[in-house]
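Each chain, letter by letter, is given below.
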Amino acid sequence: MNRFLIPAALSAAAFAAPTTVLAQSASPSLSVEATTDLRERGLSWSGGKAAMSLDATLPVSPSISVDLGAASLRDSARHGGADLGLSVAPEVSLLSTGGWTLSAGATGHVFVGASGLSYGELNSTLAYAIGPAQLSFGASFAPSQKAIGGSDLYLEGNATVGIPGTALTLYGGGGYSTGSTRDTALAAERVRRLRPDGSYWDYYLGVEHQMDRLALGLRFTGTSIGDDLAPGRYLDRDTGTRLAAYLRFTP
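Residues numbered from 1 in each chain as written. Predicted model: local features only at pLDDT ≥ 70, side-chain atom pairs only at ≥ 80, totals over all residues. Heavy atoms only, no water.

Scanning all chains against the criterion turns up six aromatic pairs. When the centroid spacing of 6.1 Å and the interplanar angle of 45° are considered together, the rings of Tyr-171 and Tyr-204 count as tilted. Of this pair, Tyr-171 sits in strand 11 (residues 168-178) while Tyr-204 sits in strand 12 (residues 200-211); the two residues are 33 residues apart in sequence, bridging distant segments of the chain. Their ring planes at 45° and their centres at 4.6 Å tell us that Tyr-176 and Trp-201 sit as a pair that is tilted. Taken together, the residues span a long stretch of sequence, with Tyr-176 in strand 11 and Trp-201 in strand 12 at a distance of 25 residues. Judged by its relative accessible area of 25%, Tyr-176 is partly exposed. Counting every residue linked through ring pairs, the aromatic cluster contains Trp-45, Phe-111 and Tyr-119. (Phe/Tyr/Trp six-rings, centres within 6.5 Å; stacked < 30°, edge-to-face > 60°. Helix = DSSP H or I, 4+ residues; strand = E, 2+ residues; numbered from the N terminus. Buried < 20%, exposed > 50% of the residue type's maximum accessible area, 1.4 Å probe, protein only.)

Shown next as C-alpha cells:
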C-alpha cells in the first residue's frame, strides 16, 4: 500500500523518442512491513497508529507487471473508518535508453469497511539511474470522482543513493498536491481526504539499513499544512511533521 502511486497524458516528445522495451524481472516479489505510522504524501493513512502492509509485484510479460498492496488502516477517519486498504496497480514499461526509464499505469484504491470511498488514479514515472543513485519524477492523476470530491493531481520528485561500502541507503523527496473540487457540501468534505489544505506541499527524508532479508528504517515526513487545520469528518491531527520507524521483511 506504500505505492498509493506525470499525468496519464504523456508528452508527445516521450512517445517520439527511440524506445526499447524495459525488461522486468521474471520472478514475482513480496514484502511485508510493520511501521509506527503508515504515511502517504505526508498524511497518515492509519490515524497516526502503527500499521502493517504487504506489497507484491507480479510480472505478466517482459514489459508489463502488476503491483498489489494491502494495509491495515486502523479505522482511520481519513478513509471513513476503513479497516483495510487494498491497491491494484498494473504498469507498462514504455522505454529504457541511456539510463532513463519511462513507465505508465493506473492504480485502484479500495477501502474495506467504508462505503463509496474507493477511487482510481492514472500514473507515470520517469527514472534515471547512475551508479548507486537513482532519481525519479512522476505524477498521479485521479479524474473527478465522488469518492474524493473532485479531481486530484500529485507531482513528485524522489532520490535514492546507496552509501558505498555500507548497508545504508539514504533517500528523500517531495511532492505537490492540487486539483479541483465539485460544487457540493459532500465534495468539500471528501476532497480534504487527499488535500486537507486545498493544495499543499509534502517532503520526506529517510535512511534504511539492509540486513539480508530484513530492512530497518527511519523516515521523517512533513507538509506545508498549517497546525491550525481543524479535524473534520475525513480529517485528523496527523498532517504535521512525523518521524516513523519501519521494519520490512522480504522472503
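Looking now at the environment of Val-60. By secondary structure assignment, the location of Val-60 is in strand 4 (residues 51-61). Separated by 31 residues in the primary sequence, Val-60 and Glu-91 place their C-alpha atoms 9.8 Å from one another. Residues contacting Val-60, with those up to four places away along its chain left out, are Ser-65 and Val-66. (Contact = heavy atoms within 4.5 Å.)

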